[in-house]
Amino acid sequence: MAVVAENFIEQIINQELESGKVSSVQTRFPPEPNGYLHIGHAKSLCINFGIKEKYQGKCNLFFDDTNPSKEKTEFVDAIKKDIEWLGFKWDKQTFASDYFEDIYNFAIELIKMDKAFVCDLSAEEISKNRGTLTEKGKESPYRNRSIEENLKLFTEMREGKYADGEKCLRAKIDMASPNINMRDPVIYRILRQTHHRTGDKWCIYPMYDYAHPICDYMQGVTHSICTLEFEDHRPLYDWVGITLGFVNKPRQIEFARLNVTNLVMSKRYLKKLVEEGAVDGWDDPRMPTLAGIRNRGIPAEALKDFCGRIGVAKANSEVQISYLDAVTREYLNLHAERVMGVLKPLKVTITNYEGEEKLKFDVNPNLEGVQREIDFSKEIYIDRDDFSLNPPPKYFRLKKDGYVRLKNAYIIKCDEVIENEKGEVVELKCTYFPNSKSGSDTSGIKVKGVIQWVNAKTAVPIEARKYEYLLKDEEYAGQDFSERMNYDSVHKFNALVEPYILENEDKSFQVLRTGYFKVLQTKDGKVLSEIVALKDNFNK
RNA sequence: AGGGGUAUCGCCAAGCGGUAAGGCACCAGAUUUUGAUUCUGGCAUUCGUUGGUUCAAAUCCAGCUACCCCUGCCA
């Protein structure tokens, strides 16, 4: 894990701790349960839980469920699973809906202070009266209703006397404000939607801008961390807290959201891909969701390390996807078990070898002395790409009359190439050198190439799939991805792998030279996903 | 004359008045039974730009410029 400099949020907290403005720190991770978490959320998770850990504070998991038309229990379960996968432990699990009654009572307070009013304007009229970026807005004709009338009307709104959209509650701030969010924003709307937790108890729901500062405050949040687009909302966030007289009002701090080159990140779009069946679900390895990343075989530790290394700042930036690969590679190199597998099997018969033997194989060269056994015999398979009939210069692997080392086994020489009627290579006849065994090589033969192999008898056939990330590029931007997704984002191989890999599902294995493997359980059986994230220089 | 932000190497990113950290990528070399790993060396006389203050500026001031966000009864 790389050591990362203190980010600007931590600097702010340090100052507040020093000055005594706060004595302890509490954050919250506030997803709306309307979809799965993606890699961008991982950054927020790492920031919020990172602060909890660093300052021995608290961090709640707070579901922002103020809009019942989009939210589902399915999503809250998925979100929790993803956070658990990352290894973060929240202090309390809370919902905005836990506070609906308080939020309502605070609205009554606001009305009593003459800081909120019931407005009869339609959504379109409100929009029209809001003014534009350069022109100030017009005050609602209902703005000066009496407190008594507002109280009565708002109570009736809750009781269901009015139709959806017929009335709303607005904060009374300033229609001339240059900040559009302050132009008497709507804080309650009438919405007859069954809420995933409160059912039909309510027909009015608070808006995010109004509910969030209250929920933060009620939970004891000291630092409410969100993304840059909420900077313009901070005055409103503060207005709510100040007007309601919150003591030690939480402070909202904004940071730049994570962008990754060419990665499709909008929840709207990801949802569409799932609904159209362009991918196998939210957890498809091609998805940038945490579930997808998990299935891809990227360890949680690697993802967290990535989040730490990209830093936290306010400048809009775009991180290269290859950086995630690099961090994954680094983690896997240190921790992953090694396993051999061939994507495109090519039979090799070792004509002068008889019998069978067990060979030692390093589980991971970084874990000294930890070995397991692999079977060797006269019939093996190598990868078709490790043999070339017309080798380019500096080709280190097997060629006709050439030598190569079978990883952890013997040096072999290719004597004969067997082709079928179509001229395709179907088998190689080789001889091995008994005194060239790994670890006790006295043959004196120098080979530059080392290739992986699997034993014909023990290897298991499996469908290997190579998943590409869902990428957006100019050519496809804004278009319908689904066709392309199925076309070129998954590559399938009838591969052979060591049986060992199947006994260790849910682990990621580094595969020699080609990348890393992870076994996925799918409807039609086991599938090995192969994602290339290792360095692959030999094609240069 | 709308408001709010941001500008430091190809990509992230430290720096907070004392003379440009680090990571990824890249280049060169060494070791290597993964063409991986590891190792060693290289990689911004310059911080969007123009002026100003200062003995000294990426850091302070002023003016430009570029990019991002804001006109949901979404979050």
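The structure we're discussing is the one just above.
Here the structure is a predicted model, which is why all the values come from computation and not from measurement. (Residues numbered from 1 in each chain as written. Chains lettered and ligands numbered in written order. Predicted model: local features only at pLDDT ≥ 70, side-chain atom pairs only at ≥ 80, totals over all residues. Heavy atoms only, no water.)

**Student:** What is the right way to read the environment of Asp 65 from this model?
**Tutor:** Its location among the elements puts Asp 65 in the loop between strand E2 (58-63) and helix H3 (73-86). By relative accessible area, which is 0% here, Asp 65 ends up buried. The spacing of Asp 65 and Gly 341 is 276 residues in sequence and 47 Å in space, taken between C-alpha atoms. A polar contact is formed between the side chain of Asp 65 and the side chain of Ser 97, at a distance of 2.6 Å. (Helix = DSSP H or I, 4+ residues; strand = E, 2+ residues; numbered from the N terminus. Buried < 20%, exposed > 50% of the residue type's maximum accessible area, 1.4 Å probe, protein only. Polar contact = N/O pair within 3.5 Å; in protein donor to acceptor, adjacent residues only side chain to side chain.)

**Student:** Explanation requested: the packing of helix H11 (residues 300-310) against helix H12 (residues 321-335) in the structure shown.
**Tutor:** At a closest axis distance of 9 Å, the pairing of H11 and H12 adopts a crossing angle of 130°. Between H11 and H12, the interaxial angle falls into the category oblique. As for how H11 packs across H12, the hand of that crossing is right-handed. Counting all contacts with H11, which are made through Glu 301, Ala 302, Asp 305, Phe 306, Arg 309 and Ile 310, the residues of H12 involved are Tyr 323, Leu 324, Val 327, Thr 328, Glu 330 and Tyr 331. Its residues assigned to classes, the contact of H11 with H12 comprises seven nonpolar, one polar and four charged. (Axes fitted to C-alpha atoms, helices over the stretch in contact; angles between N-to-C directions. Parallel < 35°, antiparallel > 145°, perpendicular 65-115°, else oblique. Left-handed = near helix turned anticlockwise from the far one by under 90°. Contact = heavy atoms within 4.5 Å. Nonpolar A, V, L, I, M, F, W, Y, C, P; charged D, E, K, R; others polar.)

**Student:** Is there a simple way to explain the protein's contact with RNA strand B in this structure?
**Tutor:** Around RNA strand B there are 64 residues in total, and Asp 232, Ile 310, Arg 338, Phe 396 and Ser 438 lie nearest to it. Atoms of RNA strand B within 4 Å of the protein: sugar and phosphate make up 64%, bases the balance. Arg 130 has a polar side-chain atom sitting 3.1 Å from a phosphate oxygen of RNA strand B. Measuring from a base nitrogen of RNA strand B, one finds a backbone N or O atom of Pro 178 at 3.5 Å. Those elements giving two or more residues to the surface near RNA strand B turn out to be helix H5 (123-129), strand E6 (186-190), H11 and H12. At four residues, the largest contribution of residues to the surface near RNA strand B is made by H12. Considered class by class, the residues forming the surface near RNA strand B number 24 nonpolar, 20 polar and 20 charged. (Near = heavy atom within 4 Å.)

**Student:** Would you mind showing me how to read the sheet that holds strand E10 (residues 337-339) here?
**Tutor:** Picture the strands of a sheet paired through backbone hydrogen bonds; they go either parallel or antiparallel. If you trace the seven strands from one edge of the open sheet to the other, you get E10-E25-E26-E27-E23-E24-E11, paired in mixed fashion. Strands at the two margins of the open sheet, each flanked by one partner only, are E10 and strand E11 (341-342). Of the strand pairs in this sheet, strand E23 (residues 460-467) and strand E24 (residues 490-497) are connected by eight bridges, and their pairing is antiparallel. Looking across to E24, one finds that Pro 461 is bridged to Leu 496. Contacts from H12 reach E10, strand E25 (508-511) and strand E26 (515-522) within the one sheet, and its direction differs from that of E10 by about 90°. (Pairing = 2+ DSSP bridges.)

**Student:** What's the story with the environment of Leu 324 in this structure? I'm lost.
**Tutor:** Relative to the helices and strands, Leu 324 is located in helix H12. Linking Leu 324 and Tyr 217, residues 107 residues apart in sequence, is a C-alpha distance of 36 Å. For Leu 324, the residues in contact, after removing those within four places along its chain, are Ile 39, Ile 298, Phe 306 and Tyr 469.

**Student:** Would you take a moment to explain the side chain of Asp 284 for this structure?
**Tutor:** In this structure, Asp 284 sits in the loop between helix H9 (267-276) and helix H10 (290-296). Taking the relative accessible area as the measure of exposure, Asp 284 reaches 1% and is therefore buried. A polar contact of 2.9 Å, which involves the side chain of Asp 284, links it to the backbone nitrogen of Asp 280. In terms of polar contacts, Asp 284 uses its side chain to reach the side chain of Arg 286, at 2.8 Å. The contact partners of Asp 284, leaving out residues within four places of it in the chain, are Val 279, Gly 292 and Tyr 467.

Function cannot be read off these values alone, since they describe shape.
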